Structure formats: C-alpha cells, structure tokens
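Overview (structure and organization)
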Amino acid sequence: MFGGRSMSRGTSFSGGMPETPFERAGIEKAIVQDKTSFLRMKEHPWLSIGSFVLILLLWEAVSRLEWVPPLFLPAPSGILSEGWTMLKTGLIFKHVFTSLSRILSGFLIACLLGIVVGILIGFFSIPEAIGNPIIAATFPIPKIAILPLLILWLGIGEASKVAVIVLGVFFPMVINVYTGVKNVDPLLIKAAVSLGSNRTRIIKKVILPSILPMIFAGMKLGIGIALLLVVAAEMVAADAGIGFLILTAADLMETKKLMVGLIILSLLGIFFNWLFKRLESILIPWKQ
Amino acid sequence: MRVLIDHISKVYTDRHGEVTEALRDIHFDIGENEFVVVVGPSGCGKSTLLNIIAGLLSSTSGQVIFEGIRTDSMPHTAVVFQDFALFPWRTVLRNVVYGLEELGLKKADQLEIAKKYITMVGLQGFENKYPHQLSGGMKQRVSIARALANDPLLLLMDEPFSALDAQTRTLMQYELSRIWEETQKSFLYITHHIQEAVFLGDRVVVLSKRPGRILDIVQIDLPRPRGEHLIVEKRYLEYVDAIWGYIKNQARECLEEGP
C-alpha cells in the first residue's frame, strides 16, 4: 500500500515537471562510473621477477661475450661459484661472523642506551635540560669521522669498531624514543594516574608499550647504519670482516670475491628487515 | 561518606599571560550512593571541574573534600573518559585488572573481581579481545568495568557517551542506570545532554556558559528503576523543559559570541 502510494505520487510529479536538458538532448540514462578507479594500483608480480631475471641474463651475456672485461664485471654465474667455494672452505663464515658479532654487540648496547636515555630525557625535565643540547651538538657529526678518535682512545681492536656502531645506532634510537615519549597519548597517562599508577609504574605500563612502534622504527633505521659503519670501520683497520674482505679483494683485483661481499651485505640487510618485521608483528599484536 | 565541592574556581593563564576564567565559585555536594549530573552548554568548564575532582588538575581556589572516610590515604576516585582511554595493548580483561594490579591484589582476586564487573557490563566472551576489535559502545563498557573494578568512593564520568551514535547512546543510558542501581555507589556524571541528565540523575547541577557558575541545582523526583517508559512521562518532560529554559539563552549567547 505504501509502495503504491509513493509510486502514484512519483508519476504525477514527473508529469508536471518541465523537460530537463538531458531529456531534450534525447539521453535516457547514464550509468555512474567509479571515477577513482585509477587510484588502485595494479599488482605485477611477474613483471618484478621477470625484469630481475632479465637484468641478470643481460649481465651474464655482457660478461660472457666480454663486452666488458670480466676483471671489472664478472658474470653472475662466476660470482655464484666463487661464493660456493668460499662457503665450502669456510672463508665466508669467518668474515660474516666477525662482522655480525661487531654489529650485534654495538647494536644491542646502542638500543638499550637509546631507550633508557630517550625515556629519561622525554619524561623528566632535568635530564631533558641536560641531554637535549648535548645530543643536538653531537648528532650532526658523521660518526665515521669520530672513528680515528675512537681508535686513538680505544686502540685498533674490537672496542673502537663496536664503539663507532654504538654511536651510530644510538642517535636514531634516542631521537625516536624521545619523540615517542613526547607523543604518548596524555589521556592514557591520565587514565593510569586515576587508576593509581605512580611515575615509575607509568613508565613501565604506559610509556614503554606506547613507544614500542617507535623503538622498532629506530631499530630499522639503526641496523642500516650499523651495516654501513661496520664495513667502514673494517676498511680502516681490521684483519677480518666483510669490509676487510671487500677491501682486500679489491687490492688483489679479485672482483668476484668483492662481489660476493656485496651480496652478503644485501642478504644481511634483507634478513634484518624481515626479522624486525616478524618481531614487530609478534610483540605488537594490538596493531592490525 | 559525602563529597563536598567547596567553592571551586579555576583561572587558566596561557603563555602570553592571557587569562581565561573557566569556573567561578562552584559549590555543591555529592551524597552517599547519589547520582549527581552536571549539565551545561559546551565550553562551560564541565570537564575542568571533573578533572579537579579527580585530582588530575589543580584548582585556583577552593577544595574538594571527602568527608567521613579514613584519612590515611588519598580519596579513591575512578574516571570514565569520553574517548574511552583504554590501553590498546591490553585485552578487555587486562584493561579491567589494571587498577587492581596497582592496588597490589593477588592474581586470583584480580580475576574474580574483573569477571564480576565484566559480567555486569555484559562483556562475557570478549575478555581476550583487544580494544580495536570492539565497537564504541563495547569500549565504553570496558572503561566502566575498569573504573568500577577499582571500587572507587566516587565514580566520575566525563561525557562518556558523547562519542557514541544516538541509538547506542540511548541503550547505554538504560544500562548505566541499571549498573548504578546494582552498585549503589556515588556517581558524578558530566554531560551537555539535558534528557540524559534528567534520565540518569538524582540531582542535576546546571552550569552557565564560561565562566561556569551554578545556575540551579534541580532535584529530580522520578521513580526508579528508570527505563524506556520514563521518557514519555509528563514529569520527565517538565524537568527537561525547565533545564532547557536555563541553558537555552546561555547556549545561544555562546553561539553568537563564538569561541
């Protein structure tokens, strides 16, 4: 009944209406199109793989046909077989483990320091007043420039290499944590206070979980810097490590070995990125 | 137990030395098991008042006094905020036990108390969900359970249903009325919604526009339990009308003055 009434009213309405421009032009209907469809990016998985393979094949051809001397650009197959021999002789492991232990010890120390200092200067006014200008003054110095000073202080051994990584990773971490603490939702702190938390409890139960995403962002930035600095430090003074491997290979014109070193660095970077993504999804389950 | 809001005034001074008077001489009390609602036009300092009573802000003059309690500890209040203020990294259950952890209760006791209030607000089966998995109405239920679990002397609610859609809001008003009857605690409820104030309150404190002053305190003599049937009753509508009479002009002046 309701439907019938509204329909009869509809027809009487359109009967009395003057002609619209569309009707005059003789257009009866037009279908609405999604005008934002260009915003959706198509995925091209085969293009990604295909282009990668194609570049490798081209590279292989260029080297095989000796358009470029293999001494400057060895073929991918040659680099692979060189890598395989280095794996079998165990030479690779020595260098990778040496570099990794430097990276990890420096990285872990820097993360811990960065988190502690970041929370202190973010949450307490006196550490903030003392710490902020010191950080602002030392942050812009490229850390590799401090390496000679560190070698002078700590000697040529492990300590100076780890120290330069600590310095490099500390700054992005401390700045991320500090920003994170400053951006903690004040409402959550109010809620915690009203539920009986004191200051130290708030740091543990509100600040720390709030800044976890920022800590991970700092770790992702930091690991890239750690890779860069370990190679640089090993090129200055070392008897093992990926940086040492690359530099000595270049000195001896062993281009394949040099390339293996670069591939290891690429793989390490990819691995750490994957690792941090996994850790993040495990440790931050409340993020969709 | 009685909470005395004793001549509270609040003046804000910003960085440029500009002075804003938020509250002027607010004086009323909240009795044992009483549901008091503060209603006023937006920007009248209602939330400022609540924060002062909750101990989250200092007043410029005047005090909040809890009478008839042991005085060896800070008076115990809990707050339900407009934007829920749930800890996103904690599940429903872990949000509700938050205050109990701070009180140092045993794990088993924490769980027992939390279960009781989760059931009271009707969230059984959602204990292990994270806040982002819940609707607005459910989030506010968690927040109410968390506040009640702490067994406060006074429960403070700061426009708790303003972030909800109109239908959910109405249902939550019925729920809250039932929960108050079940718990028999003192509630202080802040809102700009007059119907809500009359529906929920034993007394309604009507505030003016900024600086917030008390225009009147209206005793609401409507039977309990209150439910759907109430909102068509003549007495209810008369109370709503009377309070609207106070606020109408205040709100209009606000509108014309701008912020």
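Residues numbered from 1 in each chain as written. Chains lettered and ligands numbered in written order. Predicted model: local features only at pLDDT ≥ 70, side-chain atom pairs only at ≥ 80, totals over all residues. Heavy atoms only, no water.

Things to note about the environment of Leu-283 of chain A
Residues and elements named next belong to chain A.
- Its location among the elements puts Leu-283 in helix H12 (residues 255-283).
- Linking Leu-283 and Ala-137, residues 146 residues apart in sequence, is a C-alpha distance of 34 Å.
- Not counting chain neighbours up to four residues away, the residues in contact with Leu-283 comprise Leu-212 and Phe-216. (Helix = DSSP H or I, 4+ residues; strand = E, 2+ residues; numbered from the N terminus. Contact = heavy atoms within 4.5 Å.)

Side note on the interface of chain A and chain B
- Chain A puts 18 residues into the contact, and the matching count from chain B is 20 residues.
- At the boundary of chain A with chain B, total buried surface from both sides reaches about 1800 Å², with 65% on carbon and sulfur atoms.
- It is Leu-195, Lys-205 and Trp-286 of chain A in chain A that bury the most area against chain B; as a group they hold 38% of the surface buried on that side.
- Taken together, the connections running from chain A to chain B amount to 3 salt bridges.
- On inspection of chain A and its partner chain B, the count reaches 8 residue pairs in polar contact (both at pLDDT 80 or more).
- Broken down by secondary-structure element, the contributors of at least two residues to the side of chain A that touches chain B are helix H9 (186-194) and helix H10 (199-236) of chain A.
- Partitioned by chemical class, the residues of the side of chain A that touches chain B number 10 nonpolar, 5 polar and 3 charged. (Buried area = accessible area lost by both parts, 1.4 Å probe. Salt bridge = Lys/Arg side-chain N within 4 Å of Asp/Glu carboxyl O. Polar contact = N/O pair within 3.5 Å; in protein donor to acceptor, adjacent residues only side chain to side chain. Nonpolar A, V, L, I, M, F, W, Y, C, P; charged D, E, K, R; others polar.)

Overview of the confidence of the model for chain A
- In this model, chain A carries an average pLDDT of 90, and 91% of its residues clear a pLDDT of 70 or more.
- Scored below 50 in pLDDT, residues 1-12 of chain A makes 0 contacts in the model with residues more than four places away or belonging to other chains. (pLDDT = per-residue confidence, 0-100.)

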